[in-house]
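Analysis of the macromolecular model
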Amino acid sequence: MTTQTETLTRMVNVILLGPPGAGKGTQAELLVKNHGLVQLSTGDMLRQAKASGSELGKRVAEVMERGELVTDDIVIGLIKEKLSNTEAKGFIFDGFPRTLAQADALAALLKETGVTLSAAIELQVDDKILVERILNRAEQARAAGQPVRADDNAETLTQRLAAYHAQTAPLIEYYKSKGALKSVDAMGEIDAIATELNAIVSQTPA
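Here the residue numbering is sequential within each chain, running from 1 through the sequence in written order. Reporting of local features is limited, given that this is a predicted model, to residues whose pLDDT is at least 70; pairs of side-chain atoms are given and counted only at 80 or more, and all residues count toward the totals for whole chains, interfaces and linings. As a convention, hydrogens and water are excluded, and side-chain values are obtained from all of the structure's heavy atoms.

Our focus in this paragraph is helix α4 (residues 72–83). Put simply, DSSP H or I for four residues or longer makes a helix, DSSP E for two residues or longer makes a strand, and each gets a number counted from the N terminus. One less than the number of residues in a helix, times 1.5 Å, gives the span that helix is expected to have. Counted at 1.5 Å a residue, the expected span for α4 with its 12 residues is 16 Å, and the 16 Å between its end C-alpha atoms agrees. Here α4 has its buried residues at Ile74, Val75, Ile76, Leu78, Ile79 and Leu83. Note on contacts: a residue pair is in contact if any heavy atoms of the two residues lie within 4.5 Å. Taken together, the buried residues of α4 touch β2 (38–41), α2 (42–52), α3 (55–65), β3 (91–94) and α5 (100–113). A simple rule labels every residue: compare its accessible area, found with a 1.4 Å probe on the protein chains alone, to the largest value its type can have, and call it buried under 20%, exposed over 50%, or partly exposed in between.

Laid out in structure tokens, this is it:
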């Protein structure tokens, strides 16, 4: 597995873009390990907020208990709290933004807090091969008696990919127009992808 490559001497903040199953979570964990960045995963932040008992956390708990989607302003509020961590060497935005409206909201927050976005990194994949890979992995896990995600089936994966292309894929052009987009072929081995991401993070100006 990839080892630490550099101790960053400046703050680096990146967004990871890519469809479900592209490996964003895995690569985010490696960037945390290799560079000391803080991963801002929407799901993790919501769970932590709910358990914290803070005022914002109570709002999150109420929304989730009603079975509703947490609003963008709540997520932005959670991110704002995390950005106040002055010890961080940088942040990885994983799972947010998902829409153009969220991208605009995040841009406004970064400007407000004086945090600079270093790059939006697109993990490029082939949809058909990606689905086949996930289904094969699920079948192997099932054969070995290991737990399999309930949504690792062709119908659900196709729906999730369609939602990604409709809502999130436009962010690729959004960040490209701002000169912030970097692209990585994410169909290779995990270590090879991590090496490319390490190079981007290491060379990206603050």
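A few words now on the sheet that holds strand β5 (residues 181–185). Being paired, for any two strands, means DSSP has found at least two bridges between them. One open sheet accounts for 5 strands, arranged β2-β3-β1-β4-β5; its pairing is parallel. Two strands in the sheet have a free side with no partner beyond their single neighbour: β2 and β5. Here the strands of the sheet are splayed against their neighbours by 25° on average, with no regard to which way each runs. Judged from the 3 bridges that link them, strand β1 (residues 14–17) and β3 form a sheet pairing that is parallel. Note that in β3 the partner of isoleucine 15 across the bridge is phenylalanine 93. Those strands touched by helix α8 (residues 170–177) are β1, β4 (119–124) and β5, and its axis lies near 145° from that of β1. Orientation is described by axes fitted as lines to C-alpha atoms, over the contacting stretch for helices, and by angles from 0 to 180 degrees between their N-to-C directions.

Further remarks concern the pattern of salt bridges. Salt-bridge detection follows one rule: a side-chain nitrogen of Lys or Arg within 4 Å of a carboxyl oxygen of Asp or Glu. Taken as a whole and assessed by the stated rule, the structure comprises 6 salt bridges. Put simply, aspartate 44 and arginine 47 hold a salt bridge, and the shortest N to O gap is 2.7 Å. Taken together, the positions of aspartate 44 and arginine 47, both in helix α2 and 3 residues apart, correspond to about one turn of that helix. When its relative accessible area of 52% is taken as the criterion, arginine 47 is described as exposed. A salt bridge links aspartate 73 to arginine 59; its shortest N-O distance comes to 3.2 Å.

Scored from 0 to 100, pLDDT records how confident the predictor is in each individual residue. Counting all residues, the mean pLDDT for the protein is 88, and 94% of those residues have values of 70 or more. Overall, residues 1–5 carries pLDDT values under 50, and its contacts beyond four positions in sequence, including any with other chains, amount to 14 contacts.

Our next topic: the side chain of asparagine 34. Residue placement: asparagine 34 occurs in helix α1 (residues 24–35). Pairing of N or O atoms within 3.5 Å defines a polar contact, subject to two protein rules: one partner must be a possible hydrogen donor and the other a possible acceptor, and residues neighboring in sequence count only if both atoms are side-chain atoms. A polar atom in the side chain of asparagine 34 sits 3.4 Å from the side chain of asparagine 198.

Pairing of aromatic side chains requires ring centres within 6.5 Å, counting the rings of Phe and Tyr and the six-membered ring of Trp. Pairs whose planes differ by under 30 degrees are stacked, by over 60 edge-to-face, and all others tilted. If you walk through the whole model with that rule in mind, you get 1 aromatic pair. Ring centres of tyrosine 174 and tyrosine 175 lie 4.8 Å apart, and the angle between their planes is 85°; this geometry places the pair in the edge-to-face category. Overall, tyrosine 175 belongs to the buried group, its relative accessible area being 4%. By definition here, charges over rings are those cases where NZ of Lys or CZ of Arg is within 6 Å of the ring centre and within 35 degrees of the ring normal. Here lysine 178 stacks its cationic end above the ring of tyrosine 174, 4.9 Å away from the centre of that ring.

On the secondary structure map, threonine 42 appears in helix α2. Residue threonine 42 is classed as buried on the basis of its relative accessible area, which comes to 14%. A polar contact is formed between the side chain of threonine 42 and the backbone oxygen of glycine 95, at a distance of 3.4 Å.

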